[in-house]
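Next come the chains, spelled out residue by residue.
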Protein chains: 4
Amino acid sequence: MSDRPKRIPPYRLAAAELAAEIRSGIYDQGEPFPSESALCARFGMATMTIRRALEVLREEQGLITTRWGKGSAVVPPAERPAPEIE
Amino acid sequence: MSDRPKRIPPYRLAAAELAAEIRSGIYDQGEPFPSESALCARFGMATMTIRRALEVLREEQGLITTRWGKGSAVVPPAERPAPEIE
Amino acid sequence: MSDRPKRIPPYRLAAAELAAEIRSGIYDQGEPFPSESALCARFGMATMTIRRALEVLREEQGLITTRWGKGSAVVPPAERPAPEIE
Amino acid sequence: MSDRPKRIPPYRLAAAELAAEIRSGIYDQGEPFPSESALCARFGMATMTIRRALEVLREEQGLITTRWGKGSAVVPPAERPAPEIE
DNA sequence: GTGGTCTAGACCACC
DNA sequence: GTGGTCTAGACCACA
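Residues numbered from 1 in each chain as written. Chains lettered and ligands numbered in written order. Predicted model: local features only at pLDDT ≥ 70, side-chain atom pairs only at ≥ 80, totals over all residues. Heavy atoms only, no water.

Some details on the protein's contact with DNA strand E
- Within the structure, DNA strand E sits among 39 residues, and E36 and R51 of chain A, P10 and T49 of chain B together with R51 of chain D are positioned closest to it.
- Taking the atoms of DNA strand E that fall within 4 Å of the protein, sugar and phosphate contribute 76% of them.
- Side-chain polar atom of K70 of chain C to a phosphate oxygen of DNA strand E: 3.2 Å apart, as the coordinates give it.
- A total of three residues in the surface near DNA strand E trace back to one element, the largest contributor, which is helix α3 (residues 47–60) of chain B.
- Counted by class, the surface near DNA strand E contains 13 nonpolar, 15 polar and 11 charged residues. (Near = heavy atom within 4 Å. Polar contact = N/O pair within 3.5 Å; in protein donor to acceptor, adjacent residues only side chain to side chain. Helix = DSSP H or I, 4+ residues; strand = E, 2+ residues; numbered from the N terminus. Nonpolar A, V, L, I, M, F, W, Y, C, P; charged D, E, K, R; others polar.)

The following block contains the structure:
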């Protein structure tokens with residue numbers, strides 16, 4: 001009972017998928033980062049869940065920056081912190 | 001030079017239409033008041049314009065109450081102030 | 001004294017110049033019509049003067065349409081009324 | 001989960017800064033109150049946000065008066081309401 | 001040339 | 001999934 005595998009929360013899954021996309025470079029040629037509502041539609045998640053995912057990308061991984069009312073933008077590769085080995 | 005009539009701002013038109021509906025009683029049988037986004041779609045107006053219309057209904061006419069995160073509700077007829085004669 | 005030449009008001013000059021541009025077709029390939037503030041800068045005129053010029057293009061000549069908060073757009077050539085011979 | 005402080009909305013920050021300036025008296029020697037567009041430039045905020053800040057100064061704090069087409073003016077110190085202790 | 005209203009979105013905070 | 005705030009402009013109406 002105490003040894004079952006850890007459940008990964010949905011916001012982590014979304015964050016991981018988006019982080020992989022960012023690191024793949026698909027947003028580096030001028031593609032704007034998707035809005036919260038677009039991500040809600042794409043992942044089928046609630047606003048709050050997507051917001052937690054974006055918070056991970058922003059605070060924990062430093063991959064995006066967000067401006068209230070304007071949207072999120074991907075941090076240029078040169079300024080990105082190296083991915084953490086866990 | 002020209003004789004054009006005074007322009008009534010769009011938020012006033014929406015407010016007047018909604019006030020008439022409220023006074024007609026169609027929201028008194030348990031109908032919930034439409035959300036901002038529903039009203040945006042119905043009137044073809046932007047969020048801020050609809051919010052301005054709801055502000056008129058709330059502050060000026062006392063026909064609705066609004067709660068953050070819950071939506072607006074119609075004030076029961078007994079508690080409504082009499083319509084202003086202008 | 002009574003036979004001096006008619007002075008053409010500035011808003012008519014601006015309207016004539018813009019009408020010629022519209023009829024030349026330079027706005028028909030997706031060029032957006034300039035905003036009021038852009039036209040103020042370009043013609044060195046006050047807001048009200050430019051607004052009168054745009055009013056001529058809209059009401060008198062039917063060359064543009066205007067949406068509050070969005071800007072003006074050029075009417076497609078097919079829908080334009082023939083230019084008045086004066 | 002985290003211990004972040006409550007976010008103060010930008011319009012409140014601008015209002016607080018302007019209120020402090022008004023109370024410091026720098027507008028009492030005939031200095032005109034800055035226009036909305038000047039405040040937009042100074043604070044790097046959009047029109048609507050600055051308008052919200054001015055609304056606080058006007059409605060909530062009674063520090064300024066505003067006249068359509070003329071601009072805002074600072075209320076003389078003698079007529080100002082005492083600052084609210086919160 | 002000011003303040004006032006509007007657009008078409010975005011993100012933020014609450015339920 | 002609501003209402004609340006914000007952006008970056010546009011046009012409208014007053015003085």
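A word on the arrangement of the chains
- With no contact formed, the shortest span from any C-alpha in chain A to any C-alpha in chain C equals 18 Å.
- Nothing in chain C touches chain D, and the closest approach of their C-alpha atoms is 13 Å. (Contact = heavy atoms within 4.5 Å.)

Digging into the state of the cysteines
- By the definition in use, this model includes zero disulfides over all chains.
- C40 of chain C carries a free sulfur, and the closest cysteine sulfur to it, the one in C40 of chain D, is 18 Å from it.
- Since its relative accessible area comes to 15%, C40 of chain C is described here as buried. (Disulfide = S-S within 2.5 Å. Buried < 20%, exposed > 50% of the residue type's maximum accessible area, 1.4 Å probe, protein only.)

Looking at helix α1 (residues 10–24) of chain D
Residues and elements named next belong to chain D.
- In this model α1 runs 21 Å from its N-terminal to its C-terminal C-alpha over 15 residues, within 8% of the 21 Å that 1.5 Å per residue would give.
- Burial in α1 covers these residues: Y11, A14, A15, L18, A19, E21 and I22. Along the long axis of α1, the arc covered by the buried residues comes to 160°, so they all point the same way.
- Buried positions along α1 lie against α2 (36–43), α3 (47–60), β1 (64–67) and β2 (71–74).
- Of the residues flanking the end of α1, it is G25, one or two places downstream, whose phi is positive at about 95°. (Expected span 1.5 Å × (residues − 1). Arc of directions from axis to C-beta.)

Things to note about the UniProt feature "domain: HTH gntR-type" (unreviewed entry) in chain A
- Look at the UniProt record and you will see "domain: HTH gntR-type" (unreviewed entry) annotated at residues 8–77 of chain A.
- Annotated as residues 8–77 of chain A, this span is 53% helix and 11% strand, and its ends, taken at the C-alpha atoms, are 27 Å apart. (UniProt positions renumbered as here; feature names shortened; annotations may be inferred.)

A word on the protein's contact with DNA strand F
- Contacts to DNA strand F come from 40 residues, most closely from R51 of chain B, E36 and R51 of chain C together with P10 and T49 of chain D.
- Here DNA strand F approaches the protein such that, of its atoms within 4 Å, sugar and phosphate make up 74%.
- The contact in question runs from a phosphate oxygen of DNA strand F to an N or O atom on the backbone of E36 of chain B, over 2.9 Å.
- At a separation of 2.9 Å, a phosphate oxygen of DNA strand F approaches a polar backbone atom of P10 of chain D.
- Here the element with the most residues in the surface near DNA strand F is α3 of chain D; it accounts for four residues.

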